[in-house]
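# Fold and contact review
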Amino acid sequence: MISFDFSAEQQQFADVLADFSTQELLPHYTRRAASTDFPYDAFKKLAELGVLGIGLPERFGGTGAEDPVLLGLATEVLARGDVNLASAPIQVGLVGSQIAAGSEEVQERYLPPLIAGEETLAIALTEPGSGSDAGALRTTATAVDDGWIVSGEKTAISWAMNASATLVYARTPGTTRSTGVSCFVVPMDADGVSRHHMLGMGCLPIGWGSIHFDDVFIPRTHLIGAEGRGFASVLNHFDFSRAAIGLMCLGAARQSLDEAVGYSLQRETFGRPISDYQGVSFGIAEQATYVEAARLLCYKALWAREVERPHTALASMSKWWPPQVARQAIEVAMRVHGNLGYSADFPHQARYRDVMAYLVAADGSAEIQKKIISGDIYRRGDVGY
Ligand SMILES: Cc1cc2nc3c(=O)[nH]c(=O)nc-3n(C[C@H](O)[C@H](O)[C@H](O)COP(=O)(O)OP(=O)(O)OC[C@H]3O[C@@H](n4cnc5c(N)ncnc54)[C@H](O)[C@@H]3O)c2cc1C
C-alpha cells in the first residue's frame, strides 16, 4: 500500500551528502559552532554538492521544480555533521523562492551567487514589537518617484551579519495587519542600512542580528511579488520548510544518539560496558523510538506537499514536536557520555544549544504552530491526518 523507501536518485544524493557530512563537516562542527565566523568555505562546498539549488530555477543553477522530500533529506543528513550548515538549503530555498518572484534584474543579480554559495541573503520580518504577530509590523515603505523609502527596525534576523542583501517586509503607511505589506530586496550596503550582531545561546555561525533601515531608497525593480502581497510567498514556503527544520533537528539528535551507542559500548563501569545496563540502553531505545516517529511525521508532511495534499498542519506539527524530541534525545546522549557529554570538547552541548533555537522561536514558536494545528482541527472537526 505504501513505501518508506526514497527513490534511487534521492538515496544516491543522500549517500553523497552523508559522506560529506561525516567526513568533512562533523570533525570541525564543535569548533565552528563555538565561533561567530560564517563558514564560507563549507557553504561553498554545499553549493558544489548541489544542495543550495534545491527547488530553485534551473537557469540560475538550481534543480528546477520544488522538491520538498529532497530538501528534508538533505537537511537531515547534513545536520549529522553540522546543524547550522544544514539550515543553509532551507534559508536559501526560502529566500530564493521569493527572489524568483522578483524582477528579471533582481533574479539575475541574486539567484546565481546565492545558489553558487558565493553570497548569502537574510529574511527580515521580525521586529522589536512584532514576532509571532507578524501582521503587526511597523516598518514602512513610502512610495516616491521610482520606488519606495523604507524605515524601521528588524530584529533576531538569521544571516544578518553575513548577508549581501536582505528581504524586508514593510507596510504602506496607513495600512493595518497583513494588508499593505510588501516584500523588497535591499542590498546591505545601501545608504541608511546598518546591522548589529546579536549573540544567541547557539547558532553562532549564522550571524544573528538586527537590521536598521533609516530612510533607505528602494528602486521599483526591487519589489518582490505584488505590492501589498508580501506575505503570500513566504507563508507558502513555510508550509514545507518547517518540516525540513524538524528533520534538521532530528538529524543532529540521531548523530548524538549514534555517538552515545558507540561510547556506551566502550565505556566500562563496575567491570562492564555501560551498554550492558538497561538504565543506559533503554534510554537510547526510547529516544530512538521518538526520533523515528517524529522523522516519519516530517516526511509525511513533505510527501503531502509533493502530492499536493493539505500539509500546513502537518508542517506545523513537524516544526513544534521534532525539535523537542531532538533536544530530549541530545540530552540523553549527553548523559550517557557522563562528564564528557557536558564538555565543550564534545558536540552534544553545541547541538543542544543549536536545536533550542528552533524549539524556542526560529521560524515560528511552538505555540504558534499549535495555533495553526488547532485552527485546522477545529475547522475540519477531525484530529486525523
Ligand atoms: C535563532 C533565531 C533565528 C531567527 N531568525 C529569524 C529570521 O531570520 N528572520 C526573522 O524575521 N525572524 C527570525 N527570528 C525571530 C522569530 O521568528 C521570532 O522570535 C518568533 O516569530 C517569535 O516572535 P517573538 O520572539 O517576538 O516572540 P512573541 O511573538 O512576542 O512571543 C512570545 C511568547 O508568547 C507566545 N505567544 C505569542 N502569541 C501567542 C498566541 N497567540 N498563543 C499562544 N502563545 C503565544 C510565543 O509562543 C512565545 O512563547 C529568529 C529567532 C531565533 C530565536
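Residues numbered from 1 in each chain as written. Predicted model: local features only at pLDDT ≥ 70, side-chain atom pairs only at ≥ 80, totals over all residues. Heavy atoms only, no water.

### A few points about the packing of aromatic side chains
Counted under the stated rule, the structure contains seven aromatic pairs. Ring geometry for F38 versus Y40: centroids 4.8 Å apart, planes at 65 degrees, classification edge-to-face. What makes F38 buried here is its relative accessible area of 12%. Judged by relative accessible area, which is 41%, Y40 ranks as partly exposed. Both rings, one in F38 and one in F43, keep their centres 5.4 Å apart while their planes meet at 70 degrees; by these two values the pair is edge-to-face. (Phe/Tyr/Trp six-rings, centres within 6.5 Å; stacked < 30°, edge-to-face > 60°. Buried < 20%, exposed > 50% of the residue type's maximum accessible area, 1.4 Å probe, protein only.)

### Here's the deal with the nonpolar core
Counting 116 residues, the largest nonpolar core has I99, L167, Y169, F184, V185 and V186 as its most contacted members. Ignoring any residue separated from it by four or fewer positions in sequence, one finds V186 in contact with A165, T166, V168, V193, F213, V216 and I218. (Core = buried A, V, L, I, M, F, W, Y, C linked by side-chain atoms within 4.5 Å. Contact = heavy atoms within 4.5 Å.)

### Comments concerning the domain arrangement of the protein
According to the domain assignment, the protein contains domain 1 (8–115), domain 2 (121–228) and domain 3 (231–380). Domain 1 puts 24 residues into the contact, and the matching count from domain 3 is 32 residues. Taking both sides of the interface into account, the surface hidden between domain 1 and domain 3 amounts to around 2400 Å²; carbon and sulfur atoms contribute 60%. Three residues, E76, R80 and L94, lead the burial of domain 1 against domain 3; their summed loss comes to 27% of the area buried on that side. (Domains from an automatic or database assignment. Buried area = accessible area lost by both parts, 1.4 Å probe.)

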